Amino acid sequence: MDTLLTAADAALRTLFAPHRAQEASPARDCPKPEMEPSQQRLSGALMRVNHVGEICAQALYTAQATVTRDEQLRAHLLQAAREEGDHLAWTRERLEELGDRPSLLNPLWYAGAFAIGVVASKISDAVSLGFVVETENQVSAHLQSHLERLPQEDEASRAIVARMKDDEERHAANALAAGALELPAPAKALMQVAAKVMTTTAHYI
């Protein structure tokens, strides 16, 4: 019961509480010049998608930490969640600076990612870590595409995305070192389709 209450508390905090980073944003020293309205809208849409990704990361790690019986793995997952929590705060802060808003469907995204985390963890810790590796690899590629699309003058957003990309790649490497099982090709393809639906929808809603 305590574990379930902790998971519920984490969900409410992720979705509704103010987000506070433990580490200062990579954008703190970046200039934030006025941008053309179209460029500002693009930056806002891309950062909204990135914020959704961090909502899902919190859900995935929380679910995995809730299900696993390996205390060392639980500590590893919770540490990763704390680092992803900084990403959540940074993207939310940048959204506000851009005059934009988070996705209206965040509770749906959280629920879906949490369910995936639970199912993967129920199979085995190795499969659970395999989902982490594949998720982080796909997120890293997705962030690289955002670096190519973000306006050059939006140095603040670009700094945040670049730092997030480095962290995601490190999380993938850590999960692999912890014993992750490589997922079969159909599972990877299904994850890519789901991610495409999420990112396309979150771009607008």
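Remember, it's a predicted structure, so these values are computed and weren't measured experimentally. (Residues numbered from 1 in each chain as written. Predicted model: local features only at pLDDT ≥ 70, side-chain atom pairs only at ≥ 80, totals over all residues. Heavy atoms only, no water.)

**Student:** Please set out the side chain of S157 residue by residue, giving values where relevant.
**Tutor:** With respect to the secondary-structure elements, S157 resides in helix α6 (residues 155-177). When sequence neighbours within four positions are dropped, the list of residues in contact with S157 reads M47, R94, L98 and L150. (Helix = DSSP H or I, 4+ residues; strand = E, 2+ residues; numbered from the N terminus. Contact = heavy atoms within 4.5 Å.)

**Student:** Can you explain the UniProt feature "binding site: Fe cation 2" (unreviewed entry) in the chain? Please cite residues and give values.
**Tutor:** With numbering aligned to this structure, UniProt lists the feature "binding site: Fe cation 2" (unreviewed entry) at E84, E136, E168 and H171. Look at the named residues: they lie 88 residues apart in sequence, but the longest C-alpha span between them is just 11.3 Å, so in the fold they bunch up. Within the secondary structure, E84 sits in helix α3 (residues 71-97). Using a relative accessible area of 1% as the deciding quantity, one classes E84 as buried. Beyond its immediate sequence surroundings of up to four residues, E84 is in contact with E54, A57, Q58, Y61, E136, E168 and H171. Position of E136 relative to the elements: it lies in helix α5 (residues 125-149). Excluding residues that lie within four positions of it along the chain, E136 makes contacts with Y61, E84, E168, H171 and A172. (UniProt positions renumbered as here; feature names shortened; annotations may be inferred. Buried < 20%, exposed > 50% of the residue type's maximum accessible area, 1.4 Å probe, protein only.)

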